[in-house]
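Given next are the chains, with one letter for each unit.
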Amino acid sequence: VPVAVLDDRGLTDVDLLKIDVEGYELPVLRGAARTITASRPLILLEVWQEPARRRDVRAQMDAFDYTLEFLFPASPELALCIPRERRPQYKWFL
């Protein structure tokens, strides 16, 4: 399977990222670091329920200055990640 780094695609105006990579969340997030830092998109992220994995993903999102919020009881692995400076805009949803 061909693999590409998101940052190599030169995206400049990203509003939303949907990431569902079956356990490879950290490599994908790290490969999108420039895109995430520049565009500050909302991120819909699937994270397996293993405590260590969630801790590591949360640490990465903290490094990006994002929240990591599990909001969907019917899909407990699905998280909404919001740039902290934009979280007040989504208060109605949270």
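The rules we used
Residues numbered from 1 in each chain as written. Predicted model: local features only at pLDDT ≥ 70, side-chain atom pairs only at ≥ 80, totals over all residues. Heavy atoms only, no water. Buried < 20%, exposed > 50% of the residue type's maximum accessible area, 1.4 Å probe, protein only. Helix = DSSP H or I, 4+ residues; strand = E, 2+ residues; numbered from the N terminus. Pairing = 2+ DSSP bridges. Patch = residues over 30% accessible without salt bridge, like charges linked within 9 Å, V, L, I, M, F, W, Y side chains within 5 Å. Areas by Shrake-Rupley, 256 points an atom, 1.4 Å probe, with all protein chains shown as cover. Salt bridge = Lys/Arg side-chain N within 4 Å of Asp/Glu carboxyl O. Contact = heavy atoms within 4.5 Å. Lys, Arg positive; Asp, Glu negative; His and termini not counted. Core = buried A, V, L, I, M, F, W, Y, C linked by side-chain atoms within 4.5 Å. Polar contact = N/O pair within 3.5 Å; in protein donor to acceptor, adjacent residues only side chain to side chain.

With burial as the criterion, only one face of strand S1 (residues 16-19) is covered, namely that bearing Leu17 and Ile19; the residues Leu16 and Lys18 on the opposite face remain uncovered. One ladder, built from four bridges, connects S1 with strand S2 (residues 42-46); its direction is parallel. The residue of S2 that forms the bridge with Lys18 is Leu44.

A surface patch of nonpolar side chains, about 350 Å² in accessible area, is lined by Trp92, Phe93 and Leu94. Residue position: Leu94 is located in the segment after strand S4 (78-81).

Moving on: the environment of Leu94. Looking at Leu94, the relative accessible area reads 34%, which means it is partly exposed. Here the alpha-carbon distance between Leu94 and Glu22, two residues 72 residues apart in the chain, equals 26 Å. Contacts of Leu94, omitting those with residues within four sequence positions, involve Glu69, Leu71, Ile82 and Arg87.

Let's shift gears to the side chain of Arg54. Locating Arg54 in the fold gives a position in helix H3 (residues 51-63). As a buried residue without a salt bridge, Arg54 has its nearest oppositely charged side chain in Glu77, at a separation of 6.0 Å. Beyond its immediate chain neighbours, meaning those up to four positions away, Arg54 contacts Val47, Trp48, Gln49, Leu68, Phe70, Pro76 and Glu77.

What follows concerns the sheet that holds strand S3 (residues 69-70). The mixed open sheet is built from four strands, whose spatial order is S1-S2-S4-S3. Every other strand in the sheet has two partners, leaving S1 and S3 as the edge strands with one partner each.

Counting 17 residues, the largest nonpolar core has Leu29, Ile36, Ile43, Leu45, Val57 and Met61 as its most contacted members. Breaking this core down by element, the ones donating at least two residues are S1, helix H1 (25-31), S2, H3 and S4. Ignoring anything within four residues of it in the chain, the contact list for Leu29 reads Ile19, Ile36, Leu45, Val57, Gln60, Met61 and Phe64.

This brings us to unusual backbone geometry. A positive phi is found at Glu22, a non-glycine position, where the angle reads about 50 degrees. Position of Glu22 relative to the elements: it lies in the loop between S1 and H1. Residues other than glycine seldom take positive phi values, yet Arg40 does so here, at roughly 55 degrees. Along the chain, Arg40 turns up in the loop between helix H2 (33-39) and S2.

Next up on the list: the side chain of Asp7. In this fold, Asp7 is placed in the segment before S1. Despite being buried, Asp7 has no salt bridge partner; Arg34 is the closest side chain of opposite charge, sitting 4.2 Å away. Within the structure, the side chain of Asp7 is placed 2.8 Å from the backbone nitrogen of Arg34, a separation counted as a polar contact.

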